[in-house]
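What follows is each chain in one-letter form.
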Amino acid sequence: MDVTLAREWMRAAAGAIAADADLLTRLDAAIGDGDHGVNLNRGFTAVVAALEKTPPETVADVLIKAGTTLMSRVGGASGPIYGSALRAAGKALPPAAEVQPADLVAALHAGLEAVRKLGGAAPGDKTMVDAYGPAADAFEQAVAGGADLAGAAGAAARAAAAGAEATVPLQARKGRASYLGERSIGHQDPGATSTALIFQALADVS
Amino acid sequence: MDVTLAREWMRAAAGAIAADADLLTRLDAAIGDGDHGVNLNRGFTAVVAALEKTPPETVADVLIKAGTTLMSRVGGASGPIYGSALRAAGKALPPAAEVQPADLVAALHAGLEAVRKLGGAAPGDKTMVDAYGPAADAFEQAVAGGADLAGAAGAAARAAAAGAEATVPLQARKGRASYLGERSIGHQDPGATSTALIFQALADVS
Amino acid sequence: MKKFINDPADVVAQSLAGLAAAHPELRVDTEEQYIVRADAPRAGKVGLVSGGGSGHEPLHGGFVGPGMLDAAVPGEVFTSPVPDQILAATKAVDGGAGVVHVVKNYTGDVMNFQLAAELAADEGISVETVLVDDDVAVEDSTWTAGRRGTGATLLVEKIAGARAEEGGKLAEVAAIGREVNAASGSFAYALTSGTTPAAGRPGFELPADEIEAGVGIHGEPGRRREKLRPAKELVRSALDAILDAKTFTGPVLLLVNGLGGTPLIELYLIYGEASAYLEERGVAIARQLVGNYVTSLDMAGMSLTLCQATDEMIRLWDAPVRTPGLRWGA
Amino acid sequence: MKKFINDPADVVAQSLAGLAAAHPELRVDTEEQYIVRADAPRAGKVGLVSGGGSGHEPLHGGFVGPGMLDAAVPGEVFTSPVPDQILAATKAVDGGAGVVHVVKNYTGDVMNFQLAAELAADEGISVETVLVDDDVAVEDSTWTAGRRGTGATLLVEKIAGARAEEGGKLAEVAAIGREVNAASGSFAYALTSGTTPAAGRPGFELPADEIEAGVGIHGEPGRRREKLRPAKELVRSALDAILDAKTFTGPVLLLVNGLGGTPLIELYLIYGEASAYLEERGVAIARQLVGNYVTSLDMAGMSLTLCQATDEMIRLWDAPVRTPGLRWGA
Ligand SMILES: Nc1ncnc2c1ncn2[C@@H]1O[C@H](COP(=O)(O)OP(=O)(O)O)[C@@H](O)[C@H]1O
Ligand SMILES: Nc1ncnc2c1ncn2[C@@H]1O[C@H](COP(=O)(O)OP(=O)(O)O)[C@@H](O)[C@H]1O
Ligand SMILES: [Mg+2]
Ligand SMILES: [Mg+2]
Ligand SMILES: [Mg+2]
Ligand SMILES: [Mg+2]
């Protein structure tokens with residue numbers, strides 16, 4: 001992945017979130033407070049603007065700038081979570097204009113670790129961890145099996161989508177949806193859904 | 001009309017208003033504030049209770065007590081108006097257990113005069129005057145033509161109903177409906193409608 | 001209809017009972033149905049009484065207390081109180097210096113207060129009536145019952161209340177009240193109708209993109225139906241209507257009033273638009289108030305009221321007031 | 001969706017601009033998006049900062065002023081503010097004695113305030129956080145994000161604010177705030193959902209005869225759906241839930257809070273029922289407040305909050321406060 005591709009990824013993610021903002025908001029209205037799509041759309045629009053204003057020169061800096069922007073523009077639960085994920089991922093990368101799939105494996109895991117440290121969610125708690133975890137694992141396995149970026153990103157995207165869908169029958173234990181208790185069952189987690197969109201964006205540009 | 005009939009009239013009026021309270025309220029919601037049925041129902045229920053508690057011995061006292069009760073229980077525009085109408089009508093009657101149709105002619109006109117004095121409404125202003133006026137005139141003419149109470153009351157009831165219906169095309173110039181300007185056109189006046197019910201009650205018991 | 005009530009017929013009585021329990025500094029006569037300052041009657045002080053149908057809270061019961069009303073007389077929802085009730089409140093606050101009735105210009109209110117004033121006169125109490133008729137949406141002609149009393153009622157009650165509190169005589173208190181009313185104009189928009197407990201359904205039904213312009217505070221339809229427009233445009237239209245109907249050169253008192261179901265976040269946005277437009281029109285704002293004060297049950301809507309304020313009015317506006325609904329300096 | 005707005009994206013910013021215009025006694029940083037007392041920072045005084053998503057007005061911006069908050073940080077509607085914003089407000093009120101953050105227990109609020117506190121610490125400002133989690137509708141277990149912060153937030157802000165105003169030290173202000181929170185419990189019912197400007201439709205749709213029990217203040221569905229019942233029964237169920245979850249022997253502070261779209265006439269009726277039932281249960285009421293204070297946009301609903309009050313809390317509750325949304329003694 002080179003710095004151009006990294007920026008394209010963020011642009012594609014922003015596009016996907018804008019396109020599905022309404023879906024994300026509707027999912028959040030069902031078991032949360034109905035702002036997830038609006039939140040992320042505001043944040044990723046700002047990310048695209050920030051990356052255009054002063055284009056970073058390393059992949060790491062693209063991710064760090066994206067994360068910092070999300071953190072200072074999104075608010076809510078998803079702002080700090082996506083923000084620290086991207087910042088941690090960026091910080092785990094070598095400071096280079098181009099990074100290798102193996103570097104990205106480490107970065108993805110560092111991001112996941114940051115999410116779990118900040119939010120304390122375990123797999124099965126019906127959060128974005130349920131899409132992010134399987135995606136990071138699938139990416140790692142694909143790379144270990146010799147896949148190139150496109151192949152690994154495709155595997156991650158499929159795993160994230162499956163993970164997001166698999167949140168439907170779960171009862172939420174973190175975030176706003178947990179207030180609903182059993183009534184959270186039967187709905188797909190909005191954060192896991194947006195995570196799947198972001199991995200799909202990576203697959204699309206790779 | 002004897003004192004028993006006078007009390008039956010008030011009871012029948014109360015019954016008719018209770019039965020049509022919802023209609024009166026709906027008419028009032030269209031061009032007023034949607035309380036006419038509730039107002040009159042509260043008032044006439046109190047009238048029936050008051051007449052039962054200490055039954056008056058003259059027709060005049062039935063009407064005065066009914067008017068006083070309405071005035072102190074109804075509120076709104078219709079409370080003072082119906083209240084003073086009945087009180088003025090009662091005061092115009094001889095203090096007797098039984099009164100003649102000619103006495104009632106004078107009483108009805110005294111009541112109408114009180115309404116016009118208190119509220120200042122002229123015929124055609126889309127108020128209860130548009131039912132009450134024709135009813136009083138029809139009653140008078142019937143009596144002049146030799147009709148008995150039943151005949152005169154029937155004529156008055158028909159005239160009141162026609163007068164109420166004739167308020168539909170009028171633009172209101174008094175009361176709340178006047179705020180609507182031209183938008184008051186096309187609706188029947190609730191107060192004229194309740195007046196028609198009260199005259200119909202008289203016809204029913206006569 | 002979804003409301004936190006027990007029985008539509010008992011709403012006013014039970015709400016009054018709750019008000020009495022929540023505000024021990026007031027005295028509530030639940031029998032005669034009126035609310036008075038606990039220290040009423042105060043010898044030598046002009047009593048200030050207002051009232052009207054319920055459903056406009058905090059008006060009027062929430063404005064009883066030092067510096068504002070001596071008593072409030074709530075009728076049934078949207079129904080004027082009855083003369084007996086008004087008389088009882090008038091007697092309760094009469095300290096020998098006379099009583100001012102603040103009456104919103106509705107046929108029912110006018111008649112019932114007039115009958116009460118006659119009864120009070122029979123008992124030797126001097127009553128002066130201040131009629132409030134600030135709503136410029138209604139034409140002031142012989143073709144209507146005249147302009148309605150709406151937002152300016154709060155201004156009249158606050159300013160006349162302060163004048164009475166500082167010892168103003170009957171004629172003086174009534175005079176400043178009338179002056180405030182004459183200097184005021186209001187205009188309101190409704191996004192939805194309120195629902196009375198008794199009727200159980202909204203007074204009118206509006207399509208999703210339509211609003212009523214020129215509504216009063218009783219759920220009655222307005223002067224005309226319009227398409228929903230941005231707040232900025234609605235504020236300008238409302239202010240234009242007021243500025244066209246009466247002369248305002250400033251400084252003004254500006255009341256941005258919610259009709260009950262409008263969140264504060266919107267009322268403050270409206271205030272921002274209103275103050276910007278008044279500046280554009282060269283009208284200075286001396287004092288302002290933003291909130292749900294003169295309401296129409298749960299109606300989503302807002303009214304704007306301007307009052308061309310004299311120094312004297314501003315002084316009285318700033319005077320301490322201590323009521324459940326309006327309080328400062330005390 | 002019918003609202004008095006111009007563009008859903010600008011609602012919070014434009015409403016803040018209006019607040020700034022309406023309250024010259026406050027200072028509003030429209031760039032960083034926070035509201036501070038005009039005299040901030042005050043040397044030696046502990047600063048009190050709160051915030052959260054917008055849509056709960058007058059909470060929090062309406063509670064900025066002497067005796068209560070030094071600053072408020074409004075996020076977008078129902079969305080926690082961001083760390084930069086919270087940091088800016090924290091710096092604006094830091095008078096050298098440290099700053100207390102009052103944070104409602106929502107994942108987003110907790111994270112964003114925590115990040116801001118870390119950034120503030122980096123700049124040498126001591127921050128203590130008081131977490132508010134009074135909503136007994138949510139089980140306090142590892143299976144949830146813990147209880148939500150709702151009505152008790154007002155009590156914490158008022159009482160800790162008074163303690164800071166009289167010169168309390170950082171640890172003392174935080175301690176009384178935590179004490180108030182620990183002593184409080186709340187429960188809410190919704191008759192309708194509120195509508196966020198961004199979503200443009202109600203958070204949930206309810207049939208004409210159903211209500212949500214155990215809702216929070218973000219338009220989220222509650223713990224369960226129930227049939228509408230008389231107010232008396234709903235009040236008893238809500239109080240039972242609170243009295244079961246925590247021990248209250250009185251004297252208590254009782255807050256009857258409307259969620260935005262509930263008329264005062266209903267809130268006072270509710271207060272009447274609540275005070276009668278508490279008497280029945282042997283719980284004395286020391287102080288009470290009735291109104292729309294911690295709202296959820298235009299949601300028709302109400303919450304009850306009880307706080308087992310110490311003499312010290314009552315003393316601080318009675319202390320003067322001068323804010324747009326709560327004012328007495330000043
Ligand atoms: N503790 C947590 N750990 C990981 N993800 C979380 C946590 N809490 C919430 N989330 C995610 O955040 C999403 C909600 O984001 P958003 O709606 O933007 O914020 P908010 O809940 O503050 O309104 C949830 O769908 C969930 O995936
Ligand atoms: N000035 C008036 N003269 C005669 N009748 C009037 C006048 N004003 C109103 N009314 C009558 O009163 C009726 C409304 O009564 P009601 O709804 O009980 O009182 P309110 O208008 O105070 O709510 C109207 O339909 C009209 O017939
Ligand atoms: Mg959300
Ligand atoms: Mg009516
Ligand atoms: Mg009425
Ligand atoms: Mg949110």
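In case you missed it, the structure is sitting above this.
Model, not experiment: these values are computed from the prediction. (Residues numbered from 1 in each chain as written. Chains lettered and ligands numbered in written order. Predicted model: local features only at pLDDT ≥ 70, side-chain atom pairs only at ≥ 80, totals over all residues. Heavy atoms only, no water.)

Novice: Talk me through the site of ligand 2; I want residue IDs and the actual numbers.
Specialist: B:Asp33, B:Ala77, B:Ser78, B:Asp189 and B:Gly191 are the nearest of the 21 residues found near ligand 2. Close to ligand 2, residues of chains B and C are found. A distance of 2.9 Å is found between an oxygen atom of ligand 2 and a side-chain nitrogen or oxygen belonging to B:Asp35. Look at ligand 2: alone it shows 560 Å² of surface, and the protein chains cover 96% of it. At the level of secondary structure, the elements contributing two or more residues to the shell around ligand 2 comprise α3 (36–53), α5 (78–92) and α9 (190–205) of chain B. Here the residues of the shell around ligand 2 sort into 6 nonpolar, 9 polar and 6 charged. (Near = heavy atom within 4 Å. Polar contact = N/O pair within 3.5 Å; in protein donor to acceptor, adjacent residues only side chain to side chain. Areas by Shrake-Rupley, 256 points an atom, 1.4 Å probe, with all protein chains shown as cover. Helix = DSSP H or I, 4+ residues; strand = E, 2+ residues; numbered from the N terminus. Nonpolar A, V, L, I, M, F, W, Y, C, P; charged D, E, K, R; others polar.)

Novice: Summarise the pairing of strand β2 (residues 34–37) of chain D; cite the residues concerned and give the values.
Specialist: Residue and element names in this part refer to chain D. Where strand β1 (residues 26–29) meets β2, 4 bridges bridge the pair, whose relative direction is antiparallel. Across the sheet, Leu26 pairs through a bridge with Arg37, a residue of β2. Between the antiparallel neighbours β1 and β2 lie 4 residues, among them Gln33 with a positive phi of about 65°. The pairing of β2 with strand β4 (residues 71–77) spans 2 bridges and is antiparallel. Bridge pairing links Ile35 to Ala72 in β4. (Pairing = 2+ DSSP bridges.)

Novice: Quick rundown of the packing of helix α6 (residues 231–245) of chain C against helix α7 (residues 264–280) of chain C? Include the residues and the values.
Specialist: All names here are of chain C. It is at 9 Å that the axes of α6 and α7 come closest, and there the two elements cross at 50°. The angle between α6 and α7 falls in the class oblique. Two packed elements cross with a definite hand, and for α6 against α7 that hand is right-handed. When α6 is examined against α7, the residues Ala231, Lys232, Val235, Arg236, Leu239, Asp240 and Leu243 are found in contact with a partner set consisting of Leu269, Ile270, Glu273, Ala274, Tyr277, Leu278 and Glu280. (Axes fitted to C-alpha atoms, helices over the stretch in contact; angles between N-to-C directions. Parallel < 35°, antiparallel > 145°, perpendicular 65-115°, else oblique. Left-handed = near helix turned anticlockwise from the far one by under 90°. Contact = heavy atoms within 4.5 Å.)

Novice: Give a detailed account of the coordination of the magnesium ion (ligand 5), specifying residues and quantitative values.
Specialist: Every protein donor of the magnesium ion (ligand 5) is accounted for by B:Asp33 (OD), B:Asp35 (OD) and C:Phe78 (O), and the metal-donor separations fall at 2.1 to 2.4 Å. Between the magnesium ion (ligand 5) and the magnesium ion (ligand 4) the interatomic distance amounts to 3.4 Å, and B:Asp33 serves as a bridging ligand to the pair. Placement of B:Asp33 in the loop between α2 (21–31) and α3 and of C:Phe78 in the loop between β4 (71–77) and α2 (83–93) is noted, with the two residues assigned to different chains. The burial state of B:Asp33 is the same as that of C:Phe78; both residues are buried. (Donors = N, O, S within 2.8 Å, 3.2 Å for Na, K, Ca; no water. Buried < 20%, exposed > 50% of the residue type's maximum accessible area, 1.4 Å probe, protein only.)

Novice: Now, about the arrangement of the chains: what can you tell me, with residues and values included?
Specialist: With 3 pairs of chains in contact overall, the greatest share of contacts is found between chains C and D. Between chain A and chain B there is no contact; the minimum C-alpha to C-alpha separation amounts to 35 Å. In this structure chain A stays clear of chain C, and the shortest span between their C-alpha atoms is 17 Å.

Novice: Describe the site of ligand 1, naming the residues involved and giving the relevant values.
Specialist: Residues and elements named next belong to chain A. Around ligand 1 sit 21 residues, and of these Asp33, His36, Ala77, Ser78 and Asp189 come closest. In the model, an oxygen atom of ligand 1 is placed 2.9 Å from a nitrogen or oxygen of the His36 side chain. Met128 has a polar backbone atom sitting 3.1 Å from an oxygen atom of ligand 1. Starting from 570 Å² of accessible surface for ligand 1 in isolation, the protein chains cover 96%. Contributing elements (two or more residues each) for the shell around ligand 1: α2 (36–53), α4 (78–91) and α8 (190–205). When residues in the shell around ligand 1 are grouped by element, the largest group, 3 residues, is from α8. Class assignment for the residues of the shell around ligand 1 results in 6 nonpolar, 9 polar and 6 charged.

Novice: Explain the coordination of the magnesium ion (ligand 3) to me, and be specific about the residues and the numbers.
Specialist: Put simply, the ideal angle at a metal is 109.5 degrees for four donors in tetrahedral geometry and 90 or 180 degrees for six donors in octahedral geometry. Residues and elements named next belong to chain A. Of the protein atoms, only Asp28 (OD), Asp33 (OD) and Asp35 (OD) coordinate the magnesium ion (ligand 3), at distances of 2.0 to 2.1 Å. One chain supplies every donor for the magnesium ion (ligand 3), spaced along it as D-x4-D-x1-D. The metal-metal distance between the magnesium ion (ligand 3) and the magnesium ion (ligand 6) is 3.5 Å, with Asp33 serving as a donor to both. No difference in accessibility class separates Asp28 from Asp33, as the two residues are buried.

Novice: Which residues make up the interface of chain B and chain C, and what are the values?
Specialist: Frequently, the measure chosen for interface size is the accessible area removed from exposure when the parts meet. Tallying the contact residues gives 32 residues for chain B and 36 residues for chain C. Per-residue buried area on chain B facing chain C is highest for B:Arg173, B:Tyr179 and B:Arg183; these three make up 28% of the total on that side. Between chain B and chain C we count 2 salt bridges in total. At the junction of chain B and chain C, the tally comes to 10 residue pairs in polar contact (both at pLDDT 80 or more). Looking at the side of chain B that touches chain C, the elements with two or more residues in it are α2, α3, α4 (59–73), α5 and α6 (101–119) of chain B. If you tally residues by element for the side of chain B that touches chain C, the top one is α2(B), at 5 residues. Residue classes in the side of chain B that touches chain C are distributed as 12 nonpolar, 11 polar and 9 charged. (Buried area = accessible area lost by both parts, 1.4 Å probe. Salt bridge = Lys/Arg side-chain N within 4 Å of Asp/Glu carboxyl O.)

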